[in-house]
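# Understanding the architecture of this molecule
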Amino acid sequence: MNKRKVTIILPAYNEEGSFELLRERMERVLADNPDYEWEFLMVNDGSTDRTLQQMIRLYNSDPEHWHYIDLSRNYGKEAAMLAGFDYSTGDAVIVMDADMQHPVDVIPEMLRNWEEGYDDVYAERKTSRESWFKRKTSQWYYRLLQRSTRVPIQQNTGDFRLLDRSCVSALRRLRETERNTKGLYSWIGYRKKGIEYEQLERQTGKSKWSVMQLLDLAVNGLTSYTVAPLRMATLLGVSVSLIAFLYLIYIIVKTVLYGDPVAGYPTLMVTILFMGGVQLLSLGIIGEYLGKVFMESKGRPVYLVESYDGVRPGDAAVTQ
Ligand code: UDP
Ligand code: MG
């Protein structure tokens, strides 16, 4: 019987120090799971260190298993993963961080669930090493997100998961440039199953997320899932107008009954500032969506490939 093939996608940005570990872990995957054929697909996301050289070294050492895609610049992990999906040849793919924070011991369990018929076996972080503040904010964020959409959302999961070819094909059809892959996994549906794992410490280098990028991710996640914030702006506008209208009636009645003592400065100030705030907020929300429309309407490819296994793609196949 033919062995089924599994591709492990490894997006890497400035991870030159991780490759020894990476190689060791992947060799363990090979040794532990001989019932499958394996492909290790590294994606160099425009690294400025010696990541590409390390990839070339691995490819040359075992071109049957190792492959690499070199993107033309740094596009971000989301785009790098899409490149991985596009170039993967396996019947299933597993996405793992190149820094090896994801333990390979979970892979056999993922494969087992896949064999049982699940299409998307996602790994859930069991314990979080993050601070109380970060944990709480992420909890609130997910609650808010879930309230605003009918798409079921999985918390505490990342990109570490096994995806059947059907999911990969589905994801490849979603080619938005402002990508929020986490949302896309939920959006495509299919049979999902969560398994737990313990996230490992980063061995070398440092995490690439800054606070601003996290904020960006949060806003992006919300706006790519739903248009609920726009609805919120509308509701806010309606309720403020209503309150203002009631207040107007109150003032008229008061003036008619008691005359006008002309002492409106503080109320005027508060009202104007409040209204200004509401208007700016609504404009901001509209702006977020407009920005997205602008980015998508250009219809640019999500990433450009400089080479695949050292070969430059032809004109037609720069992206797939
Ligand atoms: N990564 C990438 N492009 C980027 C940033 C990160 O391909 O622009 C890769 C990175 O090399 C790593 C994975 O995405 O393999 C996760 O990144 P990181 O470890 O910085 O994130 P964290 O584990 O802190 O969430
Ligand atoms: Mg990491």
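Source: prediction; values computed, not measured. (Residues numbered from 1 in each chain as written. Chains lettered and ligands numbered in written order. Predicted model: local features only at pLDDT ≥ 70, side-chain atom pairs only at ≥ 80, totals over all residues. Heavy atoms only, no water.)

### Some thoughts on the overall build of the protein chain
- Of the regular secondary structure elements, the protein chain holds 10 helices and eight strands.
- Relative to the globule expectation of 20 Å for 320 residues, the C-alpha radius of gyration of the protein chain, 25 Å, shows a markedly less compact shape.
- Relative to its full complement of 320 residues, the protein chain shows a buried share of 40%.
- Within the protein chain, contacts between residues separated by at least 24 positions form 82% of all contacts whose residues are at least 6 apart in sequence.
- Only carbon and sulfur atoms are counted for the fraction: they give 59% of the accessible area of the protein chain, which is about 18300 Å².
- Here the protein chain carries 39 positive and 41 negative side-chain charges, and the mean point of each set is 6 Å from the other. (Helix = DSSP H or I, 4+ residues; strand = E, 2+ residues; numbered from the N terminus. Rg over C-alpha atoms; globule rule 2.2 N^0.38 Å. Buried < 20%, exposed > 50% of the residue type's maximum accessible area, 1.4 Å probe, protein only. Contact = heavy atoms within 4.5 Å. Areas by Shrake-Rupley, 256 points an atom, 1.4 Å probe, with all protein chains shown as cover. Lys, Arg positive; Asp, Glu negative; His and termini not counted. Charge placed at Lys NZ, Arg CZ, Asp CG, Glu CD.)

### As for the coordination of the magnesium ion (ligand 2)
- Protein coordination at the magnesium ion (ligand 2) comes from Asp-99 (OD) and Gln-101 (OE1), with a distance range of 1.9 to 2.0 Å.
- You can call Asp-99 buried: its relative accessible area is 4%.
- A residue is classified by how much of its surface remains accessible, and Gln-101, at 16% relative accessible area, is buried. (Donors = N, O, S within 2.8 Å, 3.2 Å for Na, K, Ca; no water.)

### A word on the packing of helix H6 (residues 165-173) against helix H7 (residues 181-188)
- At a minimum axis distance of 10 Å, the contact between H6 and H7 shows a crossing angle of 120°. Here H6 lies oblique to H7, going by the angle between them. Pair H6 / H7 crosses with right-handed handedness. Here H6 contributes Cys-167, Ala-170 and Leu-171 to the contact with H7, which in turn contributes Leu-184, Tyr-185 and Ile-188. (Axes fitted to C-alpha atoms, helices over the stretch in contact; angles between N-to-C directions. Parallel < 35°, antiparallel > 145°, perpendicular 65-115°, else oblique. Left-handed = near helix turned anticlockwise from the far one by under 90°.)

### Overview of the pattern of salt bridges
- Applying the stated rule across the entire model yields 11 salt bridges.
- Lys-77 serves as the salt-bridge partner of Asp-159, at 2.9 Å between the closest nitrogen and oxygen. Separated by 82 residues along the polypeptide, Asp-159 in strand E6 (residues 157-164) and Lys-77 in helix H3 (residues 77-87) bring together distant segments of the chain.
- Several salt bridges share partner residues, and in doing so they unite Lys-77, Asp-97 and Asp-159 into one network. (Salt bridge = Lys/Arg side-chain N within 4 Å of Asp/Glu carboxyl O.)

### A look at the sheet that holds strand E4 (residues 92-95)
- The mixed open sheet is built from eight strands, whose spatial order is E7-E5-E6-E4-E1-E2-E3-E8. Of all strands in the sheet, those bounded by a partner on one side alone are strand E7 (192-197) and strand E8 (305-308). On average, each strand axis in the sheet is tilted by 20° relative to the strand beside it, whichever way the strands run.
- In this sheet, E6 lies alongside strand E5 (residues 120-125) in antiparallel orientation, the contact comprising four bridges. Opposite Glu-124, over in E6, you have Thr-157 as the bridge partner.
- Across the sheet, H6 is in contact with E4, E5 and E6; its angle to E6 comes to roughly 115°. (Pairing = 2+ DSSP bridges.)

### Examining the nonpolar core
- Counting residues in each nonpolar core, the largest one holds 36 residues, and the members touching the most others are Ile-8, Leu-10, Met-26, Trp-38, Ile-94 and Met-96.
- Those residues within four positions of Ile-8 in sequence are excluded, and the remaining contacts are Met-26, Val-29, Trp-38, Glu-39, Phe-40, Leu-41, Ile-94, Met-96 and Ile-107.
- Membership of the second largest hydrophobic core comes to 27 residues, among which are Ile-9, Leu-71, Ala-79 and Val-95. (Core = buried A, V, L, I, M, F, W, Y, C linked by side-chain atoms within 4.5 Å.)

### Focus: the side chain of Asn-33
- Relative to the helices and strands, Asn-33 resides in the loop between helix H1 (19-32) and strand E2 (36-44).
- Each residue touching Asn-33, except ones within four places of it in the same chain, is listed here: Trp-38, Ile-107, Pro-108 and Leu-111.

### Brief notes about the packing of H1 against helix H2 (residues 51-61)
- Contact geometry for H1 and H2: axes closest at 11 Å, N-to-C directions at 30°. One element, H1, and the other, H2, form an angle in the roughly parallel class. Crossing hand, H1 versus H2: right-handed. Residues Phe-19, Glu-20, Leu-22 and Arg-23 of H1 touch H2, and the partners they reach there are Thr-51, Gln-54, Met-55, Arg-57, Leu-58 and Ser-61.

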